[in-house]
Amino acid sequence: MEFICGWLLMLTTFVGGTTGAVENGLGLEMGSLMDTAKEGEFFEWMRSVRRRIHEYPELAFDEHKTSQTIRSELDLLDIEYSWPVAKTGVVATIGSGKQPWFSLRADMDALPIQELVEWEHKSKYNGKMHACGHDAHVTMLLGAARLLQNKRDELKGTVKLVFQPGEEGHAGAYHVLKEGALDDSQAIFGLHVAPEMLTGTVGSKPGPLLAGAARFSAVIQGKGGHAASPHLGRDPVLAASLAILALQQIVSRETDPLEARVVTVGFIEAGQAANVIPETVKFGGTLRSLTTEGLLYLQKRIRQFDEIKVIEMQVAVHQCSATIDFMEGKLMSYPATVNDEVMYEHAKSIGEVLLGQPNVHVIPATMAAEDFSFYSQKMPAAFFMIGIKNETLKYSGMPLHSPFFILDEEVLPIGAALHAAVAISYLESHAVERH
């Protein structure tokens, strides 16, 4: 309680007036962080780094060139780091080497998408693209590293910078934690670019922000035959259709309408000819919930579908059989991303100082998933979206995972300064707590 009150008093002081800001140094320091990050040489350095990473996108746990770029930049900044972490990841350390420890995180991996934007720094790897902004995430964290390194002797604790591999479906965060890289960290902050938000704005909300998600697939085995003689075959297409409808009823009939849960079948694979009943049908999709408990319930019910033969019973009506695969050995399920309320308020207040209160938004939760959720399960965490929309740029506002995705590089110094300011102020506030 004393820490919270002292921290709020300190924030009120440097938000409320110049005198207080000068007294504790934080208000002016935050302004200087933004000014430094926007200086010509600093900004050009960040833009160059981002473009280099963008040209050579690498998929989950294959981010070797990206990792080398990160390590080279850290070496030039004389920042210590551990590598490899979770195969290709890098965890850098700046500060006193003593408590409190605070972490900042950026994901590194790209997507298996062919970039369709024609520009000088288009992806040089066919079929791979930074279509989710992770190149910018890495660059902003490197920018924060440079800002923090410039103030390393003034830090009231230690900052860890987590350059994390394998976010896109491969639970890189889980592996970072499993290796113990953040065992001493007390809290963590992360940013993700948001193409629907204007550059110069950020947004988040306390509590659940992003859904937990899991995947599944099912194979329905029938008996092939000619479309003119369905009575001689066993139609797996019809059987699969009934099974898909049964899955939808888990949400529509078993879930409180005020709770957000989704079961989506995203693909169906059957035959190739219009006049042939196929031997098998394969379908699969995702389960999502804004609570980890809700996700576990969906998984449990589908498992029960398998265990008590509900899908089998559905398809057995048509004399077919079924098997279900939850792909747990290949693609881990992600828990819900939940912002700690105190950490959220801390980051929100820092954002308001840096960007102005009108540019810090409370945004609705969405059913997208992020492996930052693993960090939020282990320690107080805050995850914010940062705007990259500039309507003067062609394709600006295209969604994440689009082959036409672009971002406004003016976001880079904003993200770097916000990362650094959140970390510095967290260490300062916990130093107040110890006094």
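The model shown is predicted, which means the values in this text are computed figures rather than measured ones. (Residues numbered from 1 in each chain as written. Predicted model: local features only at pLDDT ≥ 70, side-chain atom pairs only at ≥ 80, totals over all residues. Heavy atoms only, no water.)

**Q** What exactly am I supposed to notice about the overall build of the chain here?
**A** A tally of regular secondary structure across the chain gives 13 helices and 16 strands. A compact globule built from 435 residues should have a C-alpha radius of gyration of about 22 Å, and the chain, at 24 Å, falls within 12% of that. Based on the C-alpha atoms only, the size of the chain along its principal axes is roughly 85 × 50 × 40 Å. Per-residue burial for the chain yields a buried fraction of 53% across its 435 residues. Partitioning the contacts of the chain with sequence separation of at least 6, the portion at a separation of at least 24 is 80%. By element, 53% of the accessible surface of the chain is carried by carbon and sulfur atoms, the whole surface being about 18,800 Å². With 37 positive and 53 negative side-chain charges, the chain shows a spacing of 5 Å between the two charge centroids. (Helix = DSSP H or I, 4+ residues; strand = E, 2+ residues; numbered from the N terminus. Rg over C-alpha atoms; globule rule 2.2 N^0.38 Å. Buried < 20%, exposed > 50% of the residue type's maximum accessible area, 1.4 Å probe, protein only. Contact = heavy atoms within 4.5 Å. Areas by Shrake-Rupley, 256 points an atom, 1.4 Å probe, with all protein chains shown as cover. Lys, Arg positive; Asp, Glu negative; His and termini not counted. Charge placed at Lys NZ, Arg CZ, Asp CG, Glu CD.)

**Q** Help me understand helix α4 (residues 40-55) in this model?
**A** Each α-helix turn comprises 3.6 residues. Residues three or four places apart therefore point the same way. For α4, which comprises 16 residues, the first-to-last C-alpha distance of 22 Å matches the rise-based estimate of 22 Å (1.5 Å per residue) to within 8%. Here α4 has its buried residues at F42, F43, W45, M46, V49, R50, I53, H54 and E55. (Expected span 1.5 Å × (residues − 1).)

**Q** Is there a simple way to explain the packing of aromatic side chains in this structure?
**A** Within a pair of aromatic rings, the relevant descriptors are the distance that separates the centres and the angle that separates the planes. According to the stated counting rule, one finds 10 aromatic pairs in the structure shown. Centroid distance F42 to W45: 5.5 Å. Interplanar angle 90°. Geometry classified as edge-to-face. Taken together, the residues F42 and W45, both in helix α4 and 3 residues apart, mark about one turn of the helix. Across the pair, exposure class does not vary: F42 and W45 are buried alike. On the numbers, 5.5 Å between centres and 70° between planes, the contact of Y56 with Y125 is edge-to-face. Pair noted here: Y56 is in the loop between α4 and α5 (64-76) and Y125 is in the loop between β3 (101-107) and α6 (134-150), with a separation of 69 residues, a long-range link. Among the residues examined, Y56 registers a relative accessible area of 25% and is labelled partly exposed. Taken together, Y174, Y334 and F374 form an aromatic cluster joined through their ring pairs. Across the ring face of W45, the terminal group of R146 is positioned such that the distance to the ring centre comes to 4.9 Å. (Phe/Tyr/Trp six-rings, centres within 6.5 Å; stacked < 30°, edge-to-face > 60°. Lys NZ or Arg CZ within 6 Å of the ring centre and 35° of its normal.)

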